[in-house]
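# Remarks on the overall topology
Spelled out, the chains give:
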Amino acid sequence: MTTTAEPTTTPSPEVGKARVRKEDARLITGRTRYTDAITPQGTLHIHVVRSPLAHAKVLGVDKSEAAASPGVIGVYTAADLGVESVGLPCAWPITPDMKAPQRPLLASSTVHFAGEGVAVVVARSAAEARDAADLVDVDYEELEPVLDMEAALAEGATLVHPDLGTNENATWVLDSGEAGTGGRIGDAIAAAEADPDSVVVKRRFRQQRLIPAFMEPRSCVVDPSGEQLTIYAATQVPHILRTMTTVTMGLNESKVRVIAPDVGGGFGGKIGVLPEEMLCVALANKLRRPVKWTETRSESMLAAHHGRDQIQDITITAKRDGTVTGLDVHLLADMGAYLGLVGPGVPILGAFMYNAIYKIPALKFSCTNVFTTKTLTDAYRGAGRPEATFAIERIMDELAVELGRDPMDLRKQNWIPHEEFPFTTVAGLTYDSGNYEQATAQAVEMFDYDGLRREQEERRRNNDPVQLGIGISTFTEMCGIAPSRLLGSLSYGAGGWEAASVRMLATGKVEVTTGASPHGQGHETAFSQIVADQLGVPFEDVEILHGDTQVSPKGLDTYGSRSLVVGGIAVVKAVDKVIAKARKIAAHLLEASEDDLEFADGTFTVRGTDKGKAIQEIAFAAFVAHDYPEDMEPSLDADAVYDPENFSYPHGTHLAAVEIDTETGRVHLRKYVCVDDVGTVINPLIVEGQVHGGLAQGIAQALFEEANYDEQGTLVNGTLVDYTLPSAADLPNFDTAVVSTPATSNPLGVKGVGEAGTIASTPAIVNGVLDALRHLGVRDIEMPTTSQRVWRAIQEAQGRSTQQTPVDTHSPGAGLGSIDPNNPQEEEVQ
Amino acid sequence: MIPAKFDYVKPASVADAVRALREGGDDAKIIAGGQSLLPVLRLRLAAPSLVIDLGGIAELRGIRDDGDRIAIGAMTSYYDILRDDLVKQHVALLGQATETVADNQVRHRGTLGGALAHADPAGDLGAPALALDAEMVIAGESGTRTVPAAEFFVDYFTTAIGEGEILTEIRFPKYTGWGSHYEKFNRTAQAWSMCAVAVAVRVDGGSIAEARVGLTNMGTTPIRATGVEQALVGQQATAEAIRAAADRATEGTAAPSDADAAADYREHLARVLTGRAVLAAAG
Ligand SMILES: Cc1cc2nc3c(=O)[nH]c(=O)nc-3n(C[C@H](O)[C@H](O)[C@H](O)COP(=O)(O)OP(=O)(O)OC[C@H]3O[C@@H](n4cnc5c(N)ncnc54)[C@H](O)[C@@H]3O)c2cc1C
């Protein structure tokens, strides 16, 4: 079948098109398959009985009344299930001597945080399980909670895990002097202290505890009725979950299948291997029935891992002319009661980013991870890098104040000029590409930086009750996790490659599988655009399959802005192989030499002739296999595994104009401009969506969110009413723009975008808040910079000390939220 | 978030509802829009054995002109209040406060009667009802009675509605031609008030002839700022005079302390917001 290639008009490329996401219709309407929507015949439901206390001995569990409750199949403790010795995995032992407690599926003798499971009820319906859970009577003997990180490290502190002998999990150090990537920080500080023409600026910042607050609560269904045990889970990491389940529960990996159907958000909050998931596995195997767990929102707030929670002691040294000479970073990071899958490594992901976009000759980073009796912490959008960016961008502003410099000028003086890329930093990373000047120039212009500075001056002069602040944040991040060898050098428990397969169907349609399983990002659309261009097929003909270990058996999943820069490149590599195979068949069918063939817009043509074969025709030829070269298999399909050679380094300049009502302390974000360099843009709409969502989350840390614990170790704002997640109504229209310096480390030139907005925006806001108030004497305000904190800071700076009345966290009144869900009996609600 | 088990009835008349309430006794609970009750049930802060839905009683829904009063059925939704011309013309303050409640979804379901019966001191409808001298019509076994707003709010989540009684109607005097404003201060745009001030004033020839001021979340019930009202009457509507009057906003309050605002900050807010609300209302 030789056809003549029709002189087609070149189709417009898909890459760069602002396509509406193909997955939107089903995701936005919710008419799709979320895990909780899956209920195999005969499914049993579990409800976990959780400790209301942060730290307590479990003296006894009386299950009798619950066991007799309608619909109940059984009530089990860890001992009843024989899982006392099972410990959930931590895949990142950051130091060889790291202290790691066993993290049980259910606490047996001691509970270590409020929300930890003690027993599990299995019933015919979720409602019956929930009802019976109230009837399980646990006898606790209260122990002293461990809540403050510094106190936890002090001599004689109550130990969270007495068998470890300490509350210190590990201390991890990166020292440019030792590593040979830069100078010694001790020398830099000593030199600065001795030099009248230098300054040393020290600050302490606090990264409050945050709750990822994904929209779909966590859920899993474990079905033992097939040859493979099937686990449906609302997870970001189906492949990791599969391997870890087999390791944790002692199963044969080939006997386990994991399916992550559509997953409604994660932000890092769904990368865990959960006690509830493993309980469902144990129960499904024991009862030989499908078992389902879906958490309530309250459980999610309380027991799903939290994020951030660090104390940062930062010292920067500089010459009076503004040249930065050294940076010393000392962190305390709250792990909570146990180690999550990558929990101990989260602060370490930030270690390499404290020097950010600047040329800093000496860097030392040291982080001590601490156990407390709180919910464990683990990855949350940005994971380590928002903390790093916050610290460096805040201290650059502090340095500017100290030196009397414009904060933007000071940054320009110290950043890496674009001519110097690729640039190896003091942390030992090589930034492949970037252009900080370009992004900044555009942002400054969009923002009207000079105009706003003039307005700020005017408001100060007029003593306007509404003061204006300008907040700057320039950032870069290492993302696209990651080169496997580098992860190995950091003792990470896995590699960072990603897998893809391309299947050419008989009819010329294309199925692509990716191991990067999305949870709302839009992989299906973006990857289809890439494949459509590469193969020269219509966008509609490409299907992206993912999230089922039977369909995409190999993968390392979605986190760390890696899907496009690692997973997307794996797809490209697989497509390359398909094209190479197709070229052979095309040459054979066209009776031409492979070297004489050109491939463009989906068609191989013999150079200088009008003879050609479309990729669809070749796919059909391979399918019927009547006529193909002898030295190959009749198939175009191909697999690829891509291991990146470097991280990806997006960067950007973010500017915030913040108005502060000095009478009430209200912070109003008036304008937000960001110009991000994320390399080649596959789909501008998706990029903008990622930036918007990221900004909202980063701004939320600066202004709104904090997980508060009382002195007993109880989470006191564990509902969405008083956790105060912002909505669109709390945020301005963002002015976003993209500049593109293509990455040189991958064939598409792409960089990660999923975390950029979150990483950059937090310091922009706080710098803006302080910029508005500095002339009033305000030096710092802890996050979130609530109206009350701002008001008190102003009062104190003006010498009017305010007497903060004791807060009664259990008082009813302020809406539903201040009704304490942990002590319902205390409240009388009419 | 699964509530404990309960039975459910949907009576078609007030008399049937009252009967169901009596038969259900202590364990019966009324549901109106469910925007406060359902979260309470789902968090298991309450576990009634019988839930009586007022949604089937047509006579409880609607807004009518009743001579010198605007009468609003207890089951009238926020959304209906917001669209109503009688409200705009005669009790604009009620609409202004209603506009600040939560989001569109909640406003479609939540009812004025439910909000007042719930009597959350952080709720936004109590202060306007109190400031505007609304009257609550309450139906029980022995007929109906009318309770003035000043006697309606008793304590945290506690009103003058007795056991076996149902709030059926809320009656507002007409404030035609008055200026009004609801100044709300909250953590996020769709949250309850940390503090809010409801103001209606009648300005006559540049001076304030009459004033009504109510405070949200400054005590266990909505609070009438009578000190401010007195200080305002007879004053020119200038920023200075208004600010001086607003300084009396905390008289008679018992501001709560919570994580969002300790009492001293709330008191400060009450003064500042009162000044702003009066200025806006008089403007
Ligand atoms: C997300 C969210 C945000 C919110 N934000 C705000 C806010 O910003 N400001 C604010 O003021 N409120 C807010 N609310 C609460 C909302 O205003 C509620 O709708 C209102 O408080 C209760 O009205 P309802 O009709 O839903 O009553 P329901 O929830 O049905 O009932 C509330 C209580 O009143 C009783 N009750 C109801 N009707 C009667 C009656 N006719 N007679 C006797 N008893 C009765 C019920 O038994 C129950 O105890 C919010 C609610 C939600 C869910």
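Remember, predicted model here, so these are calculated numbers, not experimental data.

Here is what the cut-offs are and how they apply
Residues numbered from 1 in each chain as written. Chains lettered and ligands numbered in written order. Predicted model: local features only at pLDDT ≥ 70, side-chain atom pairs only at ≥ 80, totals over all residues. Heavy atoms only, no water. Helix = DSSP H or I, 4+ residues; strand = E, 2+ residues; numbered from the N terminus. Rg over C-alpha atoms; globule rule 2.2 N^0.38 Å. Buried < 20%, exposed > 50% of the residue type's maximum accessible area, 1.4 Å probe, protein only. Areas by Shrake-Rupley, 256 points an atom, 1.4 Å probe, with all protein chains shown as cover. Lys, Arg positive; Asp, Glu negative; His and termini not counted. Charge placed at Lys NZ, Arg CZ, Asp CG, Glu CD. Pairing = 2+ DSSP bridges. Contact = heavy atoms within 4.5 Å. Buried area = accessible area lost by both parts, 1.4 Å probe. Salt bridge = Lys/Arg side-chain N within 4 Å of Asp/Glu carboxyl O. Domains from an automatic or database assignment. Polar contact = N/O pair within 3.5 Å; in protein donor to acceptor, adjacent residues only side chain to side chain. Nonpolar A, V, L, I, M, F, W, Y, C, P; charged D, E, K, R; others polar. Expected span 1.5 Å × (residues − 1). Axes fitted to C-alpha atoms, helices over the stretch in contact; angles between N-to-C directions. Parallel < 35°, antiparallel > 145°, perpendicular 65-115°, else oblique. Left-handed = near helix turned anticlockwise from the far one by under 90°. UniProt positions renumbered as here; feature names shortened; annotations may be inferred. Core = buried A, V, L, I, M, F, W, Y, C linked by side-chain atoms within 4.5 Å. pLDDT = per-residue confidence, 0-100. Phe/Tyr/Trp six-rings, centres within 6.5 Å; stacked < 30°, edge-to-face > 60°. Lys NZ or Arg CZ within 6 Å of the ring centre and 35° of its normal.

## Details of the overall build of chain A
- When helices and strands are counted, chain A shows 22 helices and 29 strands.
- Computed over C-alpha atoms, the radius of gyration of chain A comes to 28 Å, within 12% of the 28 Å expected from 2.2 N^0.38 for 830 residues, which places it in the range of a compact globule.
- Taken over the C-alpha atoms alone, chain A extends approximately 90 × 75 × 55 Å along its principal axes.
- For chain A, buried positions account for 63% of its 830 residues.
- Accessible area of chain A: about 29,400 Å², with a carbon and sulfur share of 49%.
- If you average the places of the 69 positive and of the 113 negative side-chain charges in chain A, the two averages end up 1 Å apart.

## Quick look at the overall build of chain B
- Within chain B, the regular secondary structure consists of twelve helices and 14 strands.
- Whereas a compact globule of 283 residues would reach a radius of gyration of roughly 19 Å, chain B reaches 19 Å, a difference of no more than 12%.
- In terms of principal-axis extent, the alpha carbons of chain B reach across some 60 × 45 × 30 Å.
- For chain B, with 283 residues in total, the buried portion stands at 58%.

## A few points about the pairing of strand 26 (residues 638-642) of chain A
All names here are of chain A.
- The two faces of strand 26 differ: A638, A640 and Y642 on one face are buried, but D639 and V641 on the other face are not.
- Bridge count for strand 20 (residues 498-504) against strand 26 is five bridges, and the pairing is antiparallel. Residue S501 lies in a different strand from strand 26, and its bridge partner there is D639.

## Remarks on the interface of chain B and chain A
- Each side of the interface is counted separately: chain B has 43 residues, and chain A has 48 residues.
- Interface area lost by chain B to chain A is led by L45(B), F157(B) and R187(B), which between them contribute 18%.
- There are five salt bridges connecting chain B and chain A.
- The partner of D131(A) in a salt bridge is R44(B), and the shortest N-O contact between them spans 2.6 Å.

## Section: the domain arrangement of chain A
All names here are of chain A.
- Domains assigned within chain A are domain 1 (24-32 + 497-642), domain 2 (35-143 + 217-263 + 270-303) and domain 3 (433-477 + 647-823).
- Between domain 1 and domain 2, the C-alpha centre-to-centre distance is 39 Å.
- Taken together, the 20 residues of domain 1 in the interface contact 16 residues of domain 2.
- Regarding the contact of domain 1 and domain 2, the summed buried area is about 1,400 Å², with carbon and sulfur atoms giving 45% of it.
- Counting the surface domain 1 buries against domain 2, the share from its top three residues, H519, T549 and D557, is 38%.
- Scanning the region where domain 1 abuts domain 2 turns up two salt bridges.
- A salt bridge links R257 to D548; its shortest N-O distance comes to 2.7 Å.
- Taken together, the connections running from domain 1 to domain 2 amount to twelve residue pairs in polar contact (both at pLDDT 80 or more).
- Across the side of domain 1 that touches domain 2, the residue classes tally to five nonpolar, eleven polar and four charged.

## Concerning unusual backbone geometry
- With omega at -10°, the peptide bond leading from I481(A) into A482(A) counts as cis.
- Its place among the elements puts A482(A) in the loop between strand 19 (466-476) and helix 16 (484-489).
- Of the consecutive residues M783(A) and P784(A), the connecting peptide bond is found in the cis state with omega at -10°.
- Not every positive phi belongs to a glycine, and A356(A) is a case in point at roughly 50°.
- Structurally, A356(A) can be placed in the loop between helix 11 (346-351) and strand 16 (363-371).
- Of note, N217(B) is a non-glycine position whose phi angle comes to about 65°, a positive value.
- Relative to the elements of secondary structure, N217(B) occurs in the loop between strand 13 (207-216) and strand 14 (223-224).
- Given the relative accessible area of 1%, N217(B) is considered buried.

## A look at helix 15 (residues 449-461) of chain A
Residues and elements named next belong to chain A.
- Here helix 15 spans 18 Å end to end across 13 residues, near enough to the 18 Å set by a 1.5 Å rise per residue.
- All of the buried residues in helix 15 are Y449, G451, L452, R453, Q456 and R459.
- Buried positions along helix 15 lie against helix 13 (407-414), helix 14 (436-447), strand 19, strand 27 (651-661), strand 28 (667-677) and helix 21 (756-773).
- Looking one or two residues past helix 15, N463 carries a phi angle of roughly 55°, positive in sign.

## A short note on the sheet that holds strand 5 (residues 110-111) of chain A
All names here are of chain A.
- With antiparallel pairing, three strands are arranged side by side in an open sheet as 5-3-7. Where the open sheet ends on each side, the last strands, each with one partner, are strand 5 and strand 7 (137-142).
- Here strand 3 (residues 56-62) pairs with strand 7 via six bridges, running antiparallel. In the sheet register, G60 faces strand 7, and the bridge partner there is D139.

## What about the domain arrangement of chain B?
Residue and element names in this part refer to chain B.
- Partitioning chain B into domains gives domain 1 (7-55), domain 2 (63-172) and domain 3 (181-282).
- Buried area between domain 2 and domain 3, both sides added, is near 1,800 Å², and the carbon and sulfur share of it is 61%.
- Seen at the junction of domain 2 and domain 3, the total is three salt bridges.
- Here D133 makes a salt bridge to R212, at a shortest N to O gap of 3.9 Å.
- Of all the secondary structure elements, the ones that give two or more residues to the side of domain 2 that touches domain 3 are helix 5 (92-99), helix 8 (126-131) and strand 8 (153-155).
- Counted by class, the side of domain 2 that touches domain 3 contains 14 nonpolar, four polar and five charged residues.

## Comments concerning the packing of helix 12 (residues 385-403) of chain A against helix 13 of chain A
All names here are of chain A.
- Interhelical geometry of helix 12 versus helix 13 gives an angle of 110° and a closest axis separation of 9 Å. By the angle class used here, helix 12 and helix 13 are roughly perpendicular. Both helix 12 and helix 13 take part in a crossing whose hand is right-handed. Taken together, the residues of helix 13 that come into contact with helix 12 (itself represented by E393, M396, D397, L399, A400 and L403) are P407, L410, R411 and N414.
- A breakdown of the residues in the contact of helix 12 with helix 13 according to their chemical character gives six nonpolar, one polar and three charged.

## Focus: the side chain of E183(B)
All names here are of chain B.
- Along the chain, the position of E183 falls in strand 11 (residues 179-185).
- For the buried E183, no salt bridge exists, and the shortest N-O distance to an oppositely charged side chain is 4.8 Å, to R276.
- Each residue touching E183, except ones within four places of it in the same chain, is listed here: C195, A196, V197, L273, R276 and A277.

## Some details on the UniProt feature "domain: FAD-binding PCMH-type" (unreviewed entry) in chain B
- When the UniProt feature table is mapped onto this chain, "domain: FAD-binding PCMH-type" (unreviewed entry) is found at residues 1-177 of chain B.
- Structurally, residues 1-177 of chain B comprises 33% helix and 25% strand, and the distance from its first C-alpha atom to its last is 47 Å.

## Considering the UniProt feature "domain: Aldehyde oxidase/xanthine dehydrogenase a/b hammerhead" (unreviewed entry) in chain A
- Mapped onto this numbering, the UniProt entry annotates "domain: Aldehyde oxidase/xanthine dehydrogenase a/b hammerhead" (unreviewed entry) at residues 29-144 of chain A.
- Along residues 29-144 of chain A one finds 15% helix and 29% strand; the C-alpha atoms at either end are 47 Å apart.

## So, the nonpolar core
All names here are of chain A.
- Counting 146 residues, the largest nonpolar core has Y354, F365, Y672 and L773 as the members making the most contacts within it.
- For this core, the element with the most residues is helix 12, which contributes nine residues.
- Counting the residues that make up this core, at least three belong to each of domain 2 (35-143 + 217-263 + 270-303) and domain 3 (433-477 + 647-823).
- Core analysis: the second largest hydrophobic core is formed by 47 residues, A526, V578, L589 and I615 among them.

## Regarding the confidence of the model for chain A
- On average, chain A scores 95 in pLDDT, and the residues at 70 or more come to 95%.
- In the predicted structure, residues 817-830 of chain A sits below a pLDDT of 50 and forms 34 contacts with residues beyond four places in sequence or in another chain.

## Here we look at the side chain of T525(A)
All names here are of chain A.
- By the element assignment, T525 lies in helix 17 (residues 523-535).
- Take T525: its relative accessible area is 0%, and that puts it in the buried class.
- Here T525 is in contact with R19, V20, R21, K22, E23, F539, N683 and I686, once residues within four sequence places are set aside.

## Concerning the packing of aromatic side chains
- Tallied over the entire structure, the rule returns 15 aromatic pairs over all chains.
- Measuring from ring centre to ring centre gives 5.9 Å for Y672(A) and F734(A), while their planes differ by 80°; the resulting arrangement is edge-to-face. Of the two residues, Y672(A) sits in strand 28 while F734(A) sits in strand 29 (residues 734-739), which places them 62 residues apart along the sequence. Considered together, Y672(A) and F734(A) belong to a single accessibility category, that of buried residues.
- Of the aromatic side chains, those joined through ring pairs into one cluster are W172(A), F352(A), Y354(A) and F365(A).
- Its guanidinium or amino end placed over the ring of F539(A), R19(A) lies 3.6 Å from that ring's centre, counting from NZ or CZ.
- The ring of F185(B) has R666(A) lying over it, and the distance from NZ or CZ to the ring centre is 4.2 Å.

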